[in-house]
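Structural description and commentary
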Amino acid sequence: MHSTDTMQAIQVRGACPHDCPDTCALLTTVVDGVATKVQGNPDHAHTGGVLCTKVSRYTERSYHPDRLLQPLRRSGPKGAGQFTPVSWDEALDEIAARLAPIAAREPEAILPYSYAGTMGLVQGESIAARFFHTLGASLLDRTICASAGAEGLTQTLGSKVGMKVEFFAESKLILIWGSNAIASSLHFWRYAQQAKRDGARLVCIDPRRTETADKCHEHIALRPGTDAALALALMHELVVHDWLDHDYLRAHTLGWEAMRARALEWPPARAAEVCGIAVEQIERLARDYGACRHGHGGPAAIRLNYGMQRARGGGNATRAVASLPALIGAWRHRGGGMLLSSSGQFPVDRAALQRPDLLAGRRPRTINMSTIGDALLDEGAPKIEAVIVYNSNPVAVAPESAKVVRGFAREDLFTVVLEHFQTDTADYADFILPATTQLEHWDIHGTYGHTDVMLNRPAIAPLGQARPNTQIFRDLARRMGLPDASFADDDEALCRMAFGARVDFGRLLRDGFAPLAIDDAPFAHGGFPTPSGRCEFFSARLAAQGLDGLPQHLPNHEAIGSSALYPLAMISPPARNFLNSSFVNVTSLRAIEGEQLLEIHPDDAAARGIADGGIVRVFNARGAYRCRAVVSTRARIGVVHGLGIWWRKLGLDGRNVNELTSQALTDMGRAPTFYDCLVEVSPDVGAGGDSSATMPSSGSGRLNR
Ligand SMILES: Nc1nc2c(c(=O)[nH]1)N[C@H]1C(S)=C(S)[C@@H](COP(=O)(O)OP(=O)(O)OC[C@H]3O[C@@H](n4cnc5c(=O)[nH]c(N)nc54)[C@H](O)[C@@H]3O)O[C@H]1N2
Ligand SMILES: Nc1nc2c(c(=O)[nH]1)N[C@H]1C(S)=C(S)[C@@H](COP(=O)(O)OP(=O)(O)OC[C@H]3O[C@@H](n4cnc5c(=O)[nH]c(N)nc54)[C@H](O)[C@@H]3O)O[C@H]1N2
Ligand SMILES: [Mo]
């Protein structure tokens, strides 16, 4: 901390906690113990003093009148959201009394459920993991976001590694592939814009014409889940035109002959058919990419993100795209290669934080968070008897909501939710415990979009009776008589422990961030962290699992044309002003988003008698929800977009888009397939008959995107 002009105003260095690749450095102004402003730290290059709209409203979120400030005990029927305040002592005593007998009899009947409400290593998985390990509770497979791509990337490049994000600024061709960067990774977009100003060509590969697509030179609007076919056809062209870096292929890749043969099965015409795009678009992209091969045009870079992973073939699609840079030797240049995630580059000492040794030889079962609906309804032993939710809102974000809701509504399930707000999940709690926000606690962060370690210092005291997650689990451990020694580390000590001597903690305390030492072009001379040290087109590990050892296109579980009843493919990417289901309750941000929207192409709308701004019913065999239609060419024919992850309770029928998504998993990584989902849409001819009259318009600005 350092003082500014007035005596009481101080600025505190922190880190943005949210699940976003940018992990910005924050400067919080505190006057008389009150945080008055949160800004981007101008000293941190990746942040550049700029925050997204959401996090620049962080004080509005932290001081929100609905902030949970005391423990609550359920006082109405399950799910009704009725609670009465209780003291911490009462809450902790009762929770301990409920958990202790389960822990003694069948510890695996206790399930932690958490994700990335905060990405902090301390308020994420430190004391919480120690608590559940000591009990012997079920383990949670944290797959809901990125595990298909993580597995695909690991099988190809060896880990979650890639080019340094700042060098996108030096690229001459950037493929933004499955990412709406302006909405979800603004600070990467700043580098892409710099490249664009310096003459780079930007190509966006995305079924939706996003705000990012608008700003690129070209948009390739392929069908959802067809990216592997496109990547294989690009390889086909690189091979037949010999736009290859033969030296790089020979020295630094594995399985090239087999990969080459696979690529030759994918002439552009075949891929064009699968992807629903023009042959010429594929040929031109291949020519542009091939022109960047080593020794010719400038470096070519791929910003791959999560869009393509949320379909059946997500792992294979990631493998196919991650293979491309090696063909043209793009890795030789620091502005070339690809970046999906940098998280594998952070030397986190997870064992020190999470203490798996506390399992003491037990090997509890693992439950996949992406199929929490089925898991909660599974009668097989050991049945889940207690769920402790923190840093996540599964009732809103997990697929196939009807089952998730039925699971959380079980009378015999004991549910504790640690939260800032009374979310859809908190509505189903037996106890809600108030947690601190990033302004109120210590934490330390790796990232998945750049390569600086980030430290977060508390700027203000905890509001009301809120406590950090760590403290809540320490308190529970004490009530349950668990060994004190395992829980003694305080939060600052945990921050120091996260990277140990591998990061200069003094520098973190001083600056708030510390770059990792990583080569500018880490794979210029091969050295991939795979078993072979090469970029593995062929993965012996996958082949040993009985899978195709080479990347292949796998059609969606619910491919367009495979169902007469549900002809439209629905994707549900994030809304720009929300962060998953966080910020949906921040009034100024919700005002920008308006309400739940479904984008639909004018032809698809006309065929169904759907008017722009009218209320529609979106449905499939799993469920239905109603929202407002936006008739727009942002949607391609045959694909609709259910934007954002709204809080269910703010939807027209108390539902959101996940009512329709399925619990089917991806080819690799046991991940969800949110964007592999067939639906039908009809005008809502409910009560009023006239769909556009069902609800007053929320403002014309919303409807013409
Ligand atoms: N503002 C905002 N930022 C966020 C988030 C948020 O909710 N709001 N969420 C954060 C989180 S948790 C994550 S994981 C990241 C996600 O990071 P990104 O994956 O970059 O996020 P999106 O903006 O959803 O970009 C995905 C894009 O993929 C497109 N898409 C859908 N299906 C396909 C497909 O089959 N192929 C291709 N090529 N594209 C497809 C969608 O239309 C969408 O535009 O963003 C983070 N940042
Ligand atoms: N249909 C559809 N569904 C999706 C997606 C999609 O694109 N489409 N995206 C998926 C993706 S990529 C992801 S990552 C998941 C995200 O799913 P989640 O990780 O569940 O993310 P959020 O919905 O933001 O919920 C996080 C919650 O954590 C709380 N929280 C934040 N900080 C703290 C803290 O310090 N302590 C405690 N106790 N609580 C805290 C917040 O208040 C918030 O309610 O959703 C997935 N669901
Ligand atoms: Mo995510």
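Residues numbered from 1 in each chain as written. Chains lettered and ligands numbered in written order. Predicted model: local features only at pLDDT ≥ 70, side-chain atom pairs only at ≥ 80, totals over all residues. Heavy atoms only, no water.

Considering the domain arrangement of the protein chain
The criterion, for reference: Domain start and end points were adopted from an automatic or database domain assignment. By definition in these notes, contact holds between two residues if any of their heavy atoms fall within 4.5 Å. Note on terms: buried area is the combined drop in 1.4 Å-probe accessible area of two parts once they are placed together, counting the loss on both. Salt-bridge detection follows one rule: a side-chain nitrogen of Lys or Arg within 4 Å of a carboxyl oxygen of Asp or Glu. In the analysis that follows, any N or O atom pair within 3.5 Å is treated as a polar contact, provided that within protein one partner can donate a hydrogen and the other can accept it, and provided that, for residues neighboring in sequence, both atoms belong to side chains. For this classification, Asp, Glu, Lys and Arg are treated as charged, while Ala, Val, Leu, Ile, Met, Phe, Trp, Tyr, Cys and Pro are nonpolar and the rest, including Gly, are polar.
The assigned domain composition of the protein chain is domain 1 (9-62), domain 2 (72-145 + 364-515), domain 3 (148-340) and domain 4 (568-683). Summarising the inter-unit geometry, the C-alpha centres of domain 1 and domain 3 are found 33 Å apart. Listed as interface residues are 12 residues of domain 1 and, on the opposing side, 11 residues of domain 3. Considering only the surface of domain 1 that becomes buried against domain 3, Pro21, Asp22 and His46 emerge as the three largest contributors, covering 61% of it. Taken together, the connections running from domain 1 to domain 3 amount to zero salt bridges. Where domain 1 meets domain 3, there are seven residue pairs in polar contact (both at pLDDT 80 or more). Residues belonging to the side of domain 1 that touches domain 3 are distributed by class as follows: seven nonpolar, three polar and two charged.

Let's talk about unusual backbone geometry
Applied cut-off: Only protein chains enter the accessibility calculation, which uses a 1.4 Å probe; a residue is then buried when its area is under 20% of its type maximum, exposed when over 50%, and partly exposed in between. Working definition: helices are DSSP H or I runs of at least four residues, strands are E runs of at least two. Numbering for both runs from the N terminus.
Of note, the bond from alanine 381 into proline 382 is cis; its omega dihedral lies within 30 degrees of zero at -15°. One non-glycine residue, aspartate 32, adopts positive backbone phi at about 50°. Here aspartate 32 falls in the exposed class, since its relative accessible area comes to 55%. Although it is not a glycine, phenylalanine 583 adopts a positive phi angle of roughly 75°. Summarising the element assignment, phenylalanine 583 is placed in the loop between β23 (568-571) and α22 (587-593).

A word on the site of ligand 2
Under the convention used in this document: Whether a residue is near a molecule or strand depends on its heavy atoms: if one lies within 4 Å, it is near. Using a 1.4 Å probe, the Shrake-Rupley method yields the accessible areas, and only the shown protein chains count as cover for residues.
Residues in contact with ligand 2 amount to 31 residues; listed here are only the nearest, Ser392, Glu419, Ser581, Ser582 and Asn658. One nitrogen or oxygen atom from the side chain of serine 572 is found 2.9 Å from a nitrogen atom belonging to ligand 2. Serine 582 places a polar side-chain atom, nitrogen or oxygen, 2.7 Å from an oxygen atom of ligand 2. The protein chains hide 97% of the 920 Å² of surface that ligand 2 would expose on its own. Taken together, the residues of the shell around ligand 2 break down into 12 nonpolar, 15 polar and four charged.

Some words on the nonpolar core
Threshold: Buried residues of nine kinds, namely Ala, Val, Leu, Ile, Met, Phe, Trp, Tyr and Cys, make up a nonpolar core once their side-chain atoms join them within 4.5 Å.
In terms of nonpolar packing, the biggest core is built from 118 residues, with Trp177, Leu230 and Phe408 touching the most fellow members. The element contributing the most residues to this core is helix α8 (residues 227-240), with 10 residues. Apart from residues no more than four positions distant in its own chain, tryptophan 177 is found in contact with Ile205, Asp227, Leu230, Ala231, Leu234, Ile302, Arg303, Leu304, Asn305, Met308, Val321 and Leu324. Grouped together as the second largest cluster of nonpolar side chains are 51 residues, Ile110, Phe414, Val416 and Val453 included.

Digging into the side chain of glutamine 155
Within the fold, glutamine 155 resides in helix α4 (residues 147-157). The buried category is assigned to glutamine 155, whose relative accessible area is 4%. Looking at glutamine 155, its side chain comes within polar contact range of the side chain of serine 539, at 3.0 Å. Each residue touching glutamine 155, except ones within four places of it in the same chain, is listed here: Arg319, Glu536, Ser539, Arg541 and Leu542.

Let's talk about the layout of surface pockets
Put simply, the rule is: As defined here, a cavity is a set of points on a 1 Å grid over the protein atoms alone where a 1.4 Å probe fits but cannot get out. A pocket is an open set with protein on both sides within 12 Å along at least five of seven lines, and residues line them when an atom is within 4 Å of a point. Grid points are joined across faces, edges and corners, and a volume is the space filled by probe spheres set on the points.
Approximately 1,300 Å³ is the volume found for the second largest pocket. Per-domain counts for the lining of the second largest pocket show at least three residues from each of domain 2 (72-145 + 364-515) and domain 3 (148-340).

Details of empty space enclosed by the protein
Scanning the model with the defined rule gives four cavities of 30 Å³ or more in all. Around the largest cavity, the lining residues are Pro21, Asp22, His46, Val165, Ser185, His187, Phe188, Tyr191, Arg303, Gly449 and His450. For the lining of the largest cavity, the element with the highest residue contribution is helix α6 (residues 186-197), accounting for three residues. Its residues assigned to classes, the lining of the largest cavity shows four nonpolar, five polar and two charged. Here the second largest cavity is characterised by a volume of approximately 50 Å³. As for the second largest cavity, its lining consists of 13 residues, and the residues nearest its centre are Gly225, Ala228, Gly313, Ala317 and Leu554. When contributions to the lining of the second largest cavity are tallied by element, the ones reaching two or more residues are α8 and α13 (314-328).

Focus: the side chain of serine 342
The topology assignment puts serine 342 in the loop between β14 (337-339) and α14 (350-354). Here the side chain of serine 342 touches histidine 450 through a polar contact of 2.8 Å, landing on its backbone oxygen. With residues up to four places along the chain from it excluded, the contact list for serine 342 reads Lys160, Thr447, Tyr448, Gly449, His450 and Thr451.

Quick notes on helix α19 (residues 491-499)
So the rule is basically this: It is the directions from the helix axis to the C-beta atoms whose arc is reported.
Three or more residues of α19 are buried, namely Asp491, Leu494, Cys495, Ala498 and Phe499. All buried residues of α19 project into a common sector of 115° when viewed along the axis, lining one side. Buried positions along α19 lie against α3 (127-135), α14, β19 (443-445), β20 (452-456), α18 (469-479) and α20 (505-511). Put simply, aspartate 490 is the residue that caps the front of α19, since its side-chain oxygen is 3.2 Å from the backbone nitrogen of glutamate 492. One or two steps after α19, the chain reaches glycine 500, where phi turns positive at roughly 55°.

A closer look at the sheet that holds strand β21 (residues 513-515)
Inclusion rule: One bridge is not enough; two strands pair if DSSP finds at least two bridges between them. The convention used is that axes are lines fitted to C-alpha atoms, helices contributing only their stretch in contact, and that angles between N-to-C directions extend from 0 to 180 degrees.
Strand order in this open sheet of three strands is β19-β20-β21, and the pairing throughout is antiparallel. Of all strands in the sheet, those with a lone pairing partner are β19 and β21, marking the two edges. Strand-to-strand twist in this sheet, taken as the mean axis angle between neighbours without regard to direction, amounts to 15°. Sheet topology places β20 next to β21; three bridges connect them, and they run antiparallel.

Describing the state of the cysteines
Applicable threshold: Sulfur atoms of two cysteines make up a disulfide when they are within 2.5 Å.
Under the criterion given, the structure shown has zero disulfides. Unpaired in this structure, cysteine 292 has its nearest cysteine sulfur neighbour in cysteine 216, at a distance of 15 Å. With a relative accessible area of 7%, cysteine 292 lands in the buried category.

A look at the site of ligand 1
Of all residues adjacent to ligand 1, which total 34 residues, the nearest are Ser179, Asp206, Gly225, Asp227 and Phe578. With respect to ligand 1, the backbone of alanine 183 contributes an N or O atom lying 2.8 Å from a nitrogen atom. Asparagine 580 is positioned such that a nitrogen or oxygen atom in its backbone is 2.7 Å from an oxygen atom of ligand 1. Within the shell around ligand 1, the residues separate by chemical class into 18 nonpolar, nine polar and seven charged.

A few points about the sheet that holds strand β28 (residues 678-683)
Taken together, six strands build a closed barrel; the order of strands is β23-β27-β24-β26-β25-β28 and the barrel is mixed. When the angles between neighbouring strand axes are averaged without regard to direction, this sheet yields 45°. Bridge count for β23 against strand β27 (residues 639-642) is three bridges, and the pairing is parallel. Looking at β27, one finds that methionine 570 is bridged to valine 640.

What to know about the pairing of strand β16 (residues 386-390)
Both faces of the sheet carry side chains from a regular strand, because those side chains alternate between them. Counting buried positions along β16 gives five out of five residues, so the element sits mostly inside the fold. Here β16 shows no split at all, with Ala386, Ile388 and Tyr390 on one side and Val387 and Val389 on the other all buried. The pairing of strand β7 (residues 110-114) with β16 spans five bridges and is parallel. Bridge pairing in β16 places proline 112 opposite isoleucine 388.

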